[in-house]
Amino acid sequence: MSRLQKIPVVEEKKGNPLARVFDDLVRFCRSRSLFILHYCTGCGAIELPPAMTSRFDMERLGIQPMVSPRQADILLITGYVSIKTLKRVILTYEQMGSPKYVVGICSCTVNGGMYWQSYATAKKLDEYMPVDLYIAGCMPRPEAVISGLQKLMDRINSGEADSWQDYYRNYDYYLGNQQKLFGEDWQTPTDIITEAKHYELMGEGTLGQHTRLLEQHQKPLEALEMRLGHNIKEPVE
Amino acid sequence: MRPENYEAQRQPPSNEYELNFGPNHPGIEGNYALKVKLHGDIVLEAKADGGYLHRGFEKLMEQRLWIQNIALVPRICVPDPSPMELCYSMAVEELCGLKVPQRAQWLRVMQLELSRIAAHLFTFGGHAATTGMYSTMYWGVADRDLLLDLFEEFTGGRVYSIYNIPGGVRRELPEGFLQRLTETLDYIESRLPDYDNLFFKNQVFVKRAKGTGVMSREQALEWGVTGPNLRATGLAFDVRRDDPYLVYDQLAFDIPVEESGDAWARTLVRRQELMESIRILRQVVEILPDIHGPIRAPIPNPLAWNVPAGETYTRVESSKGELCYYVVSNGGPKPYRVHVRGPSSMHAVQVLEKMSVGSRIEDIAQTMFSLDACPPEVDR
Amino acid sequence: MSQQVAHWLDNLLKEIEGIEVRRKSSRRVRVDVPADALPALLELLQGRAGYIHLSAISCVDWIDDDEFELVYHVWSYESHSLVSAHIRIAREPGVYLSVYDLYQPAAFFERDIHEMYGIHFEGSPNMEKFILTEWDGPPPMRKEFDSEAYINEHLSWQEYNPEWLQELVAEGGGVIIPPEEQRFSQKKK
């Protein structure tokens, strides 16, 4: 979080006095309809069904599970992330639409937890993607999960939960850590730099040595030509 | 290095295609993936892709003290953690020649059967959700929570109880616990007719599950299938009865068997096992007050504990099947080698791969949940 | 009945040369065989004694003896006993025969041992990686692989005294445990 606080936030004077009211309203609405991506990365996922279903009932807070990353708001990292999973988690995170929030559940996301000695799990989640909130515990009870998510709602409401912007502003840092773990030619299908330009979130840390390395290895994605079933012909040799 | 499913591959035009099924998919149990080759929606070939939950348990256990591993082992199977602790404790006891007091053995049986009921309720929930019946999931998870409350009361932990230590159990029962246990059992038993109407007799489920994922008894034996999945093909084998541990030889219980070997039979076996577990727990409640004595055998200082050299293979019936630990000690303060044989290492890999072939893609989830495959056991 | 079966089994096992049978309890038998006699033993157990269930194949790395120990646990549904057949193979080159043609479950265990220990099984249907598909280090379960050194090289540790914790401590809460006190293995050195 300390890194987040160092980022200078430029307050723009807006001409329209209603603009701020509108922003507040948007934030309020956002914090009351949250969709959690249904991706069980580790053992903490076992406490999510009780938290979602009748007994603890997260739905009364407007929080629901969602199966596809494109429509989800929250990426819950429920426990240890093995390095193989971490790649998929990063791909998933980049596919989610902004604003998006990352919540690290279980001690393993904070410091590796009881798997600190394991060669297969990543130790610090916030090296690879910005984390809004950690819920520590092994594993946190459903009450803790819900209270943590309420805290996230408060932070969204007050506008503090803006880690997704941090990913664009400091992309070079995160990419560097990813490259260190996955190898130099690591790349994802999502073009974060263009997105950062689009959102006007280019910061000092967006570009750097690691993004230059990425450009070296990046292969442009081509669209596949569209084929319809009835037009299929055998390729002519 | 990039994720292997990143680049779309150009293929010659064909009606066959490949699909990555998981790891982020609601039809997959846990964090697991299948690569399937399809023709239309018929599966031609399926390949399991595990390792998403790999933590290197076996390596970790070689690096920690014998007593530290007790906290580590329940994490190997998240929905049904208690047999893991028991199996490891039994292995260490066998190596040290520790004799577990009677009362501890009965308490262990109680913990195991409670855990079995909780795991089965959770499986029903997940299985029902794959057929779109979310009410069963809500009920199953909510009723499982009552058992978790009991766990919390007598072990201190909701999910991972860490109740067993080599030599016995950690805690004595709280006052009035058996009374509350009886009440919970009565409640769960009274709920079963509701479950029957909602799920087990529901035509939506019956028509979907009958004839899905069929295996014959010969196939099951050939593929190394164990547990409820084996009993669903008509072979009455249960480690609790045929290779007894703890005090199971003093308990009366039946081994439910179904003949047809499909997803429906497997679910029905679990449904009947729930009743058997309740029956066992009732016997425990009756007998436990008459058994007095210590709850654990004295062990040396656990932080400087050299277990005598040797090797042992212990087997336990978990809710998923045959769970085994092969533990080797070289006389040192840490295990020399621990090999975990989770029942799902067969069910989730080879059996699932073979049973998916020829089925329709939407039945893969049905097959996987009815096999009760638990990916963390495979990946370890 | 079971004694009869046990006696019969002991006689049966005498047919193989160089075999050492130890009965550990009424349901556990330990058998040590030379590596080249194992397929014959398993065939005998499966075909004539009903040991049709391969429970597991375990591998132990005896680095001091420069050997791998492979343990085949087979269970009989008829006589209700478990035979553990132990063999030793040389650590280099670490090649052994697959028993897939006798027991299909062997495919998973052999694949697992192959990626964790690097032992190659001739005739096994699939020796591709399963769990460690995106791992390019050495086989991690070998004793010479030091996972802590690997972590120190590839991953970074969480800071154990971050700013926010210092704030908490100043308010009278939180506990700071320095890493050297947390880790047994580092404490020794």
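In the block above lies the structure referred to throughout.
Bear in mind that the values here come from a model prediction, so they are computed numbers and not experimental data. (Residues numbered from 1 in each chain as written. Chains lettered and ligands numbered in written order. Predicted model: local features only at pLDDT ≥ 70, side-chain atom pairs only at ≥ 80, totals over all residues. Heavy atoms only, no water.)

Trainee: Mind laying out the overall build of chain B, listing which residues take part and the relevant values?
Mentor: Helix and strand content of chain B: 14 helices and 8 strands. Here chain B, with 380 residues, has 68% of them falling under the buried criterion. In chain B, the proportion of contacts linking residues at least 24 apart, taken out of those at least 6 apart, comes to 72%. Total accessible area on chain B is roughly 12100 Å²; 51% of this is exposed by carbon and sulfur atoms. (Helix = DSSP H or I, 4+ residues; strand = E, 2+ residues; numbered from the N terminus. Buried < 20%, exposed > 50% of the residue type's maximum accessible area, 1.4 Å probe, protein only. Contact = heavy atoms within 4.5 Å. Areas by Shrake-Rupley, 256 points an atom, 1.4 Å probe, with all protein chains shown as cover.)

Trainee: Lay out the overall build of chain A with the relevant residues and their values.
Mentor: Counting its regular elements, chain A contains 10 helices and 5 strands. Buried positions account for 53% of the 237 residues belonging to chain A. Of all intrachain contacts in chain A linking residues separated by at least 6 positions in sequence, the fraction that spans at least 24 positions is 81%. Carbon and sulfur atoms make up 52% of the accessible area of chain A, which totals about 11500 Å².

Trainee: For the pattern of salt bridges, give the residues involved together with the corresponding values.
Mentor: Residue and element names in this part refer to chain B. The final tally for this structure, using the stated rule, is 48 salt bridges over all chains. The salt bridge partner of D238 is R231, with a shortest N-O separation of 3.5 Å. No difference in accessibility class separates D238 from R231, as the two residues are buried. In this structure, the salt-bridge partner of R241 is D242, at a minimum N-O distance of 3.0 Å. By relative accessible area, D242 is classed as buried at 5%. One salt-bridge network, held together by shared partners, links E113, R116, R231, D238, R240, E273 and E317. (Salt bridge = Lys/Arg side-chain N within 4 Å of Asp/Glu carboxyl O.)

Trainee: Requested: an account of the packing of aromatic side chains, with residues and values cited.
Mentor: Residue and element names in this part refer to chain A. The tally for this structure, following the rule as stated, stands at 33 aromatic pairs over all chains. Aromatic side chains Y93 and Y167 sit 5.1 Å apart centroid to centroid with 90 degrees between the ring planes, which places their arrangement in the edge-to-face category. Of this pair, Y93 sits in helix α4 (residues 83–95) while Y167 sits in helix α7 (residues 163–169), and the two are 74 residues apart along the sequence. Like Y93, the residue Y167 is buried in the burial classification. Within the aromatic cluster, the residues linked to one another by ring pairs are Y93, Y167, Y171, Y173 and Y174. (Phe/Tyr/Trp six-rings, centres within 6.5 Å; stacked < 30°, edge-to-face > 60°.)

Trainee: Describe in detail the side chain of Q283 of chain B, supporting the description with residues and values.
Mentor: By the secondary structure assignment, Q283 of chain B is in helix α11 (residues 263–287). Judged by relative accessible area, which is 18%, Q283 of chain B ranks as buried.

Trainee: How would you sum up a negative patch on the surface? Please name residues and give values.
Mentor: All names here are of chain C. Among the surface-exposed residues, E159, E163, E167 and E171 lie close enough to one another that they form a single negatively charged patch. Turning to its location among the elements, E171 is positioned in the loop between α5 (163–170) and α6 (179–182). Using a relative accessible area of 67% as the deciding quantity, one classes E171 as exposed. (Patch = residues over 30% accessible without salt bridge, like charges linked within 9 Å, V, L, I, M, F, W, Y side chains within 5 Å. Lys, Arg positive; Asp, Glu negative; His and termini not counted. Charge placed at Lys NZ, Arg CZ, Asp CG, Glu CD.)

Trainee: Quick one: what's the story with the nonpolar core, residue by residue and with numbers?
Mentor: Counting 242 residues, the largest nonpolar core has L149 of chain A, M110 and Y325 of chain B together with L70 and Y72 of chain C as its most contacted members. Sort the elements by how many residues they give to this core and helix α4 (residues 102–130) of chain B lands first, with 14 residues. (Core = buried A, V, L, I, M, F, W, Y, C linked by side-chain atoms within 4.5 Å.)

Trainee: Now, about the interface of chain C and chain A: what can you tell me, with residues and values included?
Mentor: At the junction of the two partners, chain C supplies 23 residues and chain A supplies 18 residues. Overall, the association of chain C and chain A removes approximately 1800 Å² of surface from exposure, summing both partners, and the carbon and sulfur fraction of that is 54%. Per-residue buried area on chain C facing chain A is highest for E134, L155 and Q158 of chain C; these three make up 34% of the total on that side. At the surface where chain C touches chain A, the tally comes to 2 salt bridges. Between K87 of chain A and E134 of chain C there is a salt bridge whose closest N-O contact spans 2.9 Å. In this assembly, chain C and chain A are joined by 5 residue pairs in polar contact (both at pLDDT 80 or more). When residues in the side of chain C that touches chain A are grouped by element, the largest group, 6 residues, is from helix α4 (residues 147–154) of chain C. Taken together, the residues of the side of chain C that touches chain A break down into 12 nonpolar, 6 polar and 5 charged. (Buried area = accessible area lost by both parts, 1.4 Å probe. Polar contact = N/O pair within 3.5 Å; in protein donor to acceptor, adjacent residues only side chain to side chain. Nonpolar A, V, L, I, M, F, W, Y, C, P; charged D, E, K, R; others polar.)

Trainee: So what about the sheet that holds strand β1 (residues 16–21) of chain B? Which residues, and what values?
Mentor: Pairing between sheet strands relies on hydrogen bonds along the backbone, with the strands arranged either parallel or antiparallel. Residues and elements named next belong to chain B. Spatially, β1-β2-β3 is the arrangement adopted by the 3 strands of the open sheet, whose pairing is antiparallel. Edge strands, defined here as strands with exactly one partner in the open sheet, are β1 and β3 (42–49). Each neighbouring strand pair of the sheet contributes to a mean axis angle of 20 degrees, computed without reference to strand direction. Of the pairings in the sheet, the one linking β1 to strand β2 (residues 33–39) comprises 6 bridges and is antiparallel in character. When the bridges of β2 are listed, E18 appears paired with K37. Across the sheet, helix α12 (residues 344–356) touches β2 and β3, and the angle it forms with β3 is around 170 degrees. (Pairing = 2+ DSSP bridges. Axes fitted to C-alpha atoms, helices over the stretch in contact; angles between N-to-C directions.)

Trainee: Account for the sheet that holds strand β6 (residues 310–317) of chain B, naming residues and giving values.
Mentor: Residues and elements named next belong to chain B. Taken in spatial order, the 3 strands line up as β6-β7-β8 in an open sheet, and their pairing is antiparallel. Both edges of this open sheet fall to β6 and β8 (337–341), since each of them pairs with a single strand only. Put simply, the sheet's adjacent strands are angled 10 degrees from each other on average, direction ignored. Alignment of strand β7 (residues 322–329) against β8, held across 5 bridges, turns out to be antiparallel. Paired with V327 across the strands is V338, a residue of β8.

Trainee: Could you give an account of the side chain of S118 of chain A, with specific residues and numbers?
Mentor: Here S118 of chain A lies in the loop between α5 (107–111) and β5 (133–135). S118 of chain A sits in the buried class, given a relative accessible area of 1%. For S118 of chain A, the residues in contact, after removing those within four places along its chain, are K123 of chain A, R55, G56 and L60 of chain B together with I151 of chain C.

Trainee: Tell me about the pairing of strand β3 (residues 53–62) of chain C, residues and numbers included.
Mentor: Side chains on a regular strand alternate between the two faces of the sheet. All names here are of chain C. Among the 10 residues that make up β3, 10 are buried, leaving the element largely enclosed by the rest of the structure. Relative to strand β4 (residues 67–76), β3 runs antiparallel, the two sharing 9 bridges. Bridge assignment links A56 to a residue of β4, and that residue is H73. The turn linking β3 back onto β4 is made up of 4 residues, and D66 within it adopts a positive phi angle of 60 degrees.

Trainee: Before we move on, could you go through the environment of L352 of chain B and cite the residues and values that matter?
Mentor: Residue and element names in this part refer to chain B. With respect to the helices and strands, the residue L352 is situated in helix α12. Relative accessible area serves as the criterion here: at 1%, L352 is assigned to the buried category. Remark: the alpha-carbon pair of L352 and I364, spanning 12 residues in sequence, is separated by 8.2 Å.

Trainee: Describe α12 of chain B, listing the residues and the values that go with them.
Mentor: All names here are of chain B. When the terminal C-alpha atoms of α12 are compared, their 16 Å separation across 13 residues is substantially less than the 18 Å that a helix rising 1.5 Å per residue should span. Summarising burial for α12: 12 of the 13 residues are buried, a large majority. Within α12, the full set of buried residues consists of S344, S345, M346, H347, A348, V349, Q350, V351, L352, E353, M355 and S356. Trailing α12 by a residue or two, G358 shows a phi angle of about 90 degrees, which is positive. (Expected span 1.5 Å × (residues − 1).)

Trainee: I'd love a proper account of unusual backbone geometry, names of residues and values included.
Mentor: The omega torsion of the bond from S98 of chain A to P99 of chain A falls at -10 degrees, within 30 degrees of zero and hence cis. Following the sequence through the fold, P99 of chain A ends up in the loop between α4 and β4 (101–105). Residues E92 of chain C and P93 of chain C are joined by a peptide bond in cis, for which omega reads 5 degrees. Positioned with a positive phi, D57 of chain A is a non-glycine residue whose angle comes to about 50 degrees.

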